[in-house]
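Each chain, written out:
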Amino acid sequence: MNLGERFPGRITADGRPGYSGWVCPPDALADAARFLRDAEGFDYLSSLTGVDYPAEDRLEAVYHFYRIADGRCEIVKSPAPRTDPVLPSLTNLFPGAEFQEREAWDLLGIRFSDHPDLRRILLWEGFSGHPLRKDWREPLFEEEAKPFGSRWPAGDPAKEPAAAYARPAGGLSPDGWEPDDDEALYAALERGCDVQPGSLQTECLTVNLGPQHPSTHGVFRVAALLDGETVVNLKPVMGYLHRCHEKIGERNTFNGNIPFTDRLDYLTSLSNNFGYVRAVETLMDLHPPERAEYLRVILAELTRVASHLWSIGFLLNDLGAFFTPALYAIEERELILDVFEAVTGSRMMCNFFRFGGLARDLDADMLETIRGLVADRLTGKVDQLEAYLTGNEILKERCVGVGYLPREKAIAFSAAGPLLRASGVAYDLRKADPYSVYDRFDWDVACRTGCDVYDRYRVRIDEIRQSLRIIRQALDNLPGGPVLAGKPQYQARVPAGEAFGRVEGPKGELGFYVVSNGQPNPWRYHVRAPSFINLTAMAEMCRGGKIADVVAVLGSIDIILGETDR
Amino acid sequence: MFGIGILKGLGITLRHFVESYWEDLRGGRHRYFTPEGITVRRGKDARGIFTVQYPEEKLPVPEAFRVLPFLVVSTGTDGAEQLRCTACGICARVCPPQCIWIERASDPATGKPVPRPAAFSIDIDRCMNCGYCAEYCPFDAIRMDHRYELASRNRAGHRYNLNKLRQPESYHAGLHPAAYAREQAERAQREARRTGAG
């Protein structure tokens, strides 16, 4: 039974051209979500975001529900009026909605009733206004969409609007503003546990890890409530690297957004390109040629190897092994980055995927280098890294049993990537919902059942091995032909509609929700960031453990702040 | 025995340590501060010390490497020098951070636009080195440079104008030999078609 049949007259199909899924009024949303989860088995809330349609006086929350068992999807949209948008929170059914609802509140102003802690998440607590609304203009605003008319044919940089820097966002007056010392954050921290207010003075201590901290993997802060050394409660605080990526995405042209996606998870730029390009290709109904698909897989898997090497290295660094294992791993990553530099022109900001294929072809020399690297060096080096680390007793003492996240909770918290697969859920987008040519290769999903930091490390090692397997097969079966469907176009003609392009990035399921209204620039551009959503489970994993384990757990989630904060 | 994992790991570290000295001895005088030395230390068979001693040693930059753009000045058959740029504005329109300003020249007599830039500015602080300007230029007029040593103490010089951006065709050919050969072949083909048809 589908949603329209279960709630006739209340939930209708979304009939807008290019759209799909269901439109559900706010009063039916909680029932619809419960029906989807309990009766229909849609246990995984992959993405929760919002879109602003000012012409129809509507803010729309968009939910993507998935079934772990067979990878099927249900999209539900829930509209609310722009003046006082209120929707029911789904956190009691899907705990993974917590941070995403806070983001929708922060950036769009959609209020979620019964949310346990509805505070701003990416912007600072004194900010006023909701930036992703269409009527909100940023301080450096020039025109609604690029390209700006001021650049050509009469472009003169001396005529730039200089006063833009002087105006703070939201009409804030810095002189009169008093900081509130994070009262709301600490109140939420104490509310989340059953500590008596009277005993707070003697028993519990609030400690902030970060945002300046060598082990927080970037500018990231954790507010922890400690009873001695035991973590009573924990709240991740992010937004220190928020760069308004989604607002800039609305101003960019579709093609112009590709270099900006490089900067999301800046260690895996090709995976980010892949997800975004897939979303827009779905909208354009464009299919890359075979050779381009194989090369995309090779580059994406090389990116996965590079990312996991970094992640393992820095997990060990955080545990105190300092830089020895990190540099052994990073040495191999350097060779992969040399390949990227020769192929794409840049080690990290690769900007190589285009709508319909790739920017350029790879010549025989580059393919030989990749083959030599994968066959002759990386396989042996991964074995050596495993021999070095996996049996190490110190690693085992610090990682086995730490950061326990059982299978049901992992799914409920919308965990993705190695975090999910180390909890016994063999869900990998490349097998569950195959894209590109992944279904043509013989490889296994890396899955372990320990649910702890140790098994997340082992899943990453397993994934490196599987990636090398895929690359070898792709190189052996690489077809000839063009690498771009059609001619190189800098102006993509994207028909109106919505698309959710997902890839299995190294950090997890990376999704791009793109809404087009036929214009050269997107109407809405949202990134389903696995690092951001994986952090929802962090408090669950750290409660009851020691403060030293927080660092190990954070290292095992493997976050990257460019993606977490966008 | 408890601790065997740690001992095995220490053995691997010891091997790396000894190897770093052994490989230096084996490589001899040519292992550092020579181009062959860098090639040996960076290939897939690299062993021992991996570090490139910058700035005394520098990694060779591949052809596709992209930093800031430059404008190509062609030398015609009669020796005259001419910017290839026609001020079509595609690079300014395609640039994601919008860091290119172009003022199209006009004929002083008639006031009509001519296909040349009167002014061309790039704000190198905003340039994200994406390479779109070079990728989408229909006249092979703007190409990506390889110079990455751009640190300076003064932001004032970070708007490059036409004089700072122009480079001769030989510079472009030196940085991008394969791409230049392709461009020349395409130009020759176009010329042959033109003169053959005309």
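Source: prediction; values computed, not measured. (Residues numbered from 1 in each chain as written. Chains lettered and ligands numbered in written order. Predicted model: local features only at pLDDT ≥ 70, side-chain atom pairs only at ≥ 80, totals over all residues.)

Here we take up the sheet that holds strand β15 (residues 524-528) of chain A. Residues and elements named next belong to chain A. Pairing is antiparallel in the open sheet, where three strands are placed in the order β13-β14-β15. The open sheet has two free edges, formed respectively by β13 (497-505) and β15, since each of these has just one partner strand. Pairwise comparison of adjacent strand axes, ignoring direction, gives a mean angle of 10 degrees for this sheet. Note that β13 and strand β14 (residues 508-516) share nine bridges and pair antiparallel. Residue pairing in the sheet places Glu498 in a bridge with Val515 of β14. Strands in contact with helix α8 (residues 269-284) are β13 and β14; relative to β13, the strand with the most contacts, it is inclined by about 150 degrees. (Pairing = 2+ DSSP bridges. Helix = DSSP H or I, 4+ residues; strand = E, 2+ residues; numbered from the N terminus. Axes fitted to C-alpha atoms, helices over the stretch in contact; angles between N-to-C directions. Contact = placed C-beta atoms within 7 Å.)

Our focus in this paragraph is the interface of chain A and chain B. Residue-level contacts link 39 residues of chain A with 38 residues of chain B. With eight residues, the top contributor of residues to the side of chain A that touches chain B is helix α10 (residues 323-344) of chain A. Split into classes, the residues belonging to the side of chain A that touches chain B amount to 18 nonpolar, 12 polar and nine charged. (Nonpolar A, V, L, I, M, F, W, Y, C, P; charged D, E, K, R; others polar.)

What follows deals with the sheet that holds strand β9 (residues 221-227) of chain A. Residue and element names in this part refer to chain A. One open sheet holds the three strands; their spatial order is β8-β9-β10, and the pairing between them is antiparallel. A strand with exactly one partner marks an edge of an open sheet, and here the two such strands are β8 (204-209) and β10 (230-237). Each strand of the sheet is rotated relative to its neighbour by a mean of 20 degrees, with strand direction disregarded. Sheet analysis places β9 next to β10, joined by seven bridges and oriented antiparallel. From the neighbouring strand, Leu225 faces β10, where its bridge partner is Asn233. Docked against the sheet, helix α19 (residues 547-557) engages β8, β9 and β10, running at close to 150 degrees with respect to β9.

Another aspect to go through is unusual backbone geometry. Here the residue pair A:Gly210 and A:Pro211 is connected by a cis peptide bond, since its omega of 0 degrees sits within 30 degrees of zero. Inspection of the secondary structure assignment puts A:Pro211 in the loop between β8 and β9. Here B:Tyr54 and B:Pro55 are connected by a cis peptide whose omega angle stands at 0 degrees. One can find B:Pro55 in the loop between α2 (35-42) and β1 (69-75). With a phi angle near 60 degrees, A:Cys451 is a residue other than glycine that sits in the positive phi range. Along the chain, A:Cys451 turns up in the loop between α15 (429-432) and α16 (453-476). For A:Cys451, a count of 22 C-beta atoms within 10 Å puts it in the buried group. The phi dihedral of B:Asn129 is positive, around 55 degrees, even though this residue is not glycine. Turning to its location among the elements, B:Asn129 is positioned in the loop between β4 (113-123) and α4 (132-136). Judged by local crowding, B:Asn129 falls into the partly exposed class, with 19 C-beta atoms found within 10 Å. (Buried ≥ 20, exposed ≤ 12 C-beta atoms within 10 Å, placed from the backbone.)

Residue and element names in this part refer to chain A. Core analysis: the largest hydrophobic core is formed by 161 residues, its most contacted members being Val280, Val550 and Val553. When residues of this core are assigned to their parent elements, the largest contribution, 16 residues, is made by helix α9 (residues 290-321). Both domains that meet at this core, namely domain 1 (3-113) and domain 2 (245-565), each give it at least three residues. Discounting residues that sit within four places of it in the chain, Val553 has contacts with Val402, Gly403, Val453, Met538, Met541 and Cys542. (Core = buried A, V, L, I, M, F, W, Y, C linked by C-beta atoms within 7 Å. Domains from an automatic or database assignment.)

This next bit is on the domain arrangement of chain A. All names here are of chain A. Assigned domains within chain A: domain 1 (3-113) and domain 2 (245-565). For domain 1 versus domain 2, the separation of C-alpha centres amounts to 27 Å. Contacts between domain 1 and domain 2 engage 20 residues on the former and 24 residues on the latter. Put simply, the parts of the chain that give the side of domain 1 that touches domain 2 at least two residues each are β3 (44-53), β4 (58-66) and α3 (97-108). Sorting elements by how many residues they give to the side of domain 1 that touches domain 2 places β3 first, with six residues. Of the residues that constitute the side of domain 1 that touches domain 2, the class distribution is 10 nonpolar, eight polar and two charged.

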